[in-house]
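Spelled out from the first residue to the last, the chains are:
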Amino acid sequence: QVQLAESGGGLVQAGGSLRLSCKASGTFRRIDTMAWYRQAPGKQRELVAAITSHGSTSYAESVKGRFSISRDADKSSIYLQMDSLKPEDTAIYYCQADFARIFQVGTFAAWGQGTQVTVSS
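Per-chain numbering applies: the sequence of each chain, read as written, is numbered from 1 onward. The predicted nature of this model means local features are confined to residues of pLDDT at least 70 and side-chain atom pairs, given and counted, to a pLDDT of 80 or more, with totals for whole chains, interfaces and linings taken over all residues. In computing side-chain properties, one takes all heavy atoms of the structure into account and sets aside hydrogens as well as water.

What is the right way to look at the overall build of the chain in this model?
A count of helical and extended segments in the chain gives zero helices and 11 strands. Overall, the C-alpha framework of the chain stretches about 50 × 25 × 20 Å when taken along its three principal axes. Counting only residues that meet the buried cut, the chain has 40% of its 121 residues in that class. Here, Shrake-Rupley sampling with a 1.4 Å probe gives the accessible areas, and only protein chains in the shown set may cover a residue. For the chain, the accessible surface area stands at approximately 6,400 Å², while carbon and sulfur atoms represent 49% of it. Averaging the coordinates of the 13 positive side-chain charges in the chain and doing the same for the 10 negative ones gives two points 4 Å apart. Put simply, DSSP marks the helices as runs of H or I at least four residues long and the strands as runs of E at least two long, and each gets a number from the N terminus on. Only protein chains enter the accessibility calculation, which uses a 1.4 Å probe; a residue whose area is less than 20% of its type maximum is buried, one above 50% is exposed, and one in between is partly exposed. Counted charges follow a simple rule, with Lys and Arg positive, Asp and Glu negative, and His plus the chain ends left uncounted. Lys charges are placed at NZ, Arg charges at CZ, Asp charges at CG and Glu charges at CD.

Below is the structure:
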């Protein structure tokens, strides 16, 4: 199983920056794509950014040019650099990872507990 631990959330003024971190641990054969999702009050969870094991990235239109996702060389940690933050970026941010288990076919999903990001106007 994979456990994901997020950190780096907090309160920031509009226009400011935050950097989120997510570290995967546990027993697994490999980790594939990792991603950041967010969920604002009263809204559905949405994909913010994703990065494959080969380093390919994708972003939601609303964060392109402002957010940047990266991954450590060991591929078990990802980061989300968030610049030019807006009040509408306020949400709980979740780390997600697709992984393969040892001695088991298929790909499974793991989720972190989430970290709160609040952007004040």
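Got a minute to help me understand the state of the cysteines in this structure?
Covalent bonding between the sulfur atoms of two cysteines defines a disulfide. Here, the term disulfide refers to a pair of cysteine sulfur atoms separated by no more than 2.5 Å. Tallied over the full model, the rule gives one disulfide. Across a sulfur-sulfur distance of 2.0 Å, Cys22 and Cys95 are joined as a disulfide pair. On the sign convention where negative is left-handed, the bridge of Cys22 and Cys95, at about -80 degrees about the S-S bond, is left-handed. Note that Cys22 is positioned in strand β3 (residues 18–26) and Cys95 in strand β9 (residues 91–100), a separation of 73 residues in sequence.

Would you mind showing me how to read the packing of aromatic side chains here?
Aromatic rings in a pair are described by how distant their centres are and how their planes are angled relative to each other. Two aromatic rings from Phe, Tyr or Trp, using only the six-membered ring of Trp, form a pair when their centres are within 6.5 Å; if the ring planes differ by under 30 degrees the pair is stacked, by over 60 it is edge-to-face, and anything between is tilted. Tallying each qualifying case throughout the model produces two aromatic pairs. Seen from their ring centres, Phe99 and Phe108 are 6.1 Å apart, and the 40 degrees between their planes marks the pair as tilted. By definition, being over a ring means that NZ of Lys or CZ of Arg is both within 6 Å of the ring centre and within 35 degrees of the ring normal. One Lys or Arg, Arg45, reaches over the ring of Tyr94 and ends 3.8 Å from the middle of that ring. Here Arg45 stacks its cationic end above the ring of Trp111, 4.7 Å away from the centre of that ring.

Could you clarify how one ought to interpret the sheet that holds strand β7 (residues 67–71) in this entry?
Backbone hydrogen bonds are what pair the strands of a sheet, in a parallel or an antiparallel way. The four strands lie next to each other as β1-β3-β8-β7, forming an open sheet whose pairing is antiparallel. Unpaired on one side and paired on the other, β1 (2–7) and β7 mark the two borders of the sheet. Geometrically, the sheet is characterised by an average inter-axis angle of 15 degrees between neighbouring strands, direction not taken into account. Here a strand pair is declared whenever DSSP counts at least two bridges between the two strands. Only the stretch in contact is used when fitting a helix axis, every axis being a line fitted to C-alpha atoms; angles between N-to-C directions are given from 0 to 180 degrees.

What's the story with the side chain of Arg66 in this structure? I'm lost.
Assignment of secondary structure puts Arg66 in the loop between β6 (57–59) and β7. With a relative accessible area of 11%, Arg66 lands in the buried category. Pairs of N or O atoms within 3.5 Å make up the polar contacts considered here, provided that, within protein, one atom can donate a hydrogen while the other can accept it, and that residues adjacent in sequence are counted only when both atoms are side-chain atoms. In terms of polar contacts, Arg66 uses its side chain to reach the backbone carbonyl oxygen of Ser84, at 3.0 Å. Two residues qualify as a contact provided that any one of their heavy atoms is within 4.5 Å of a heavy atom in the partner residue. Non-local contacts of Arg66, meaning those with residues more than four positions away in its chain, are made with Gln81, Met82, Asp83, Ser84, Leu85, Lys86 and Asp89.

Sorry if this is basic, but what is going on with unusual backbone geometry here?
The phi torsion of most residues other than glycine is negative, and most of the peptide bonds are trans. Residues other than glycine seldom take positive phi values, yet Ser84 does so here, at roughly 50 degrees. What makes Ser84 partly exposed here is its relative accessible area of 43%. Within the chain, Phe103 stands out as a residue other than glycine whose phi angle is a positive 60 degrees. Summarising the element assignment, Phe103 is placed in the loop between β9 and β10 (108–111).

Purely spatial values, then, with no claim about function.
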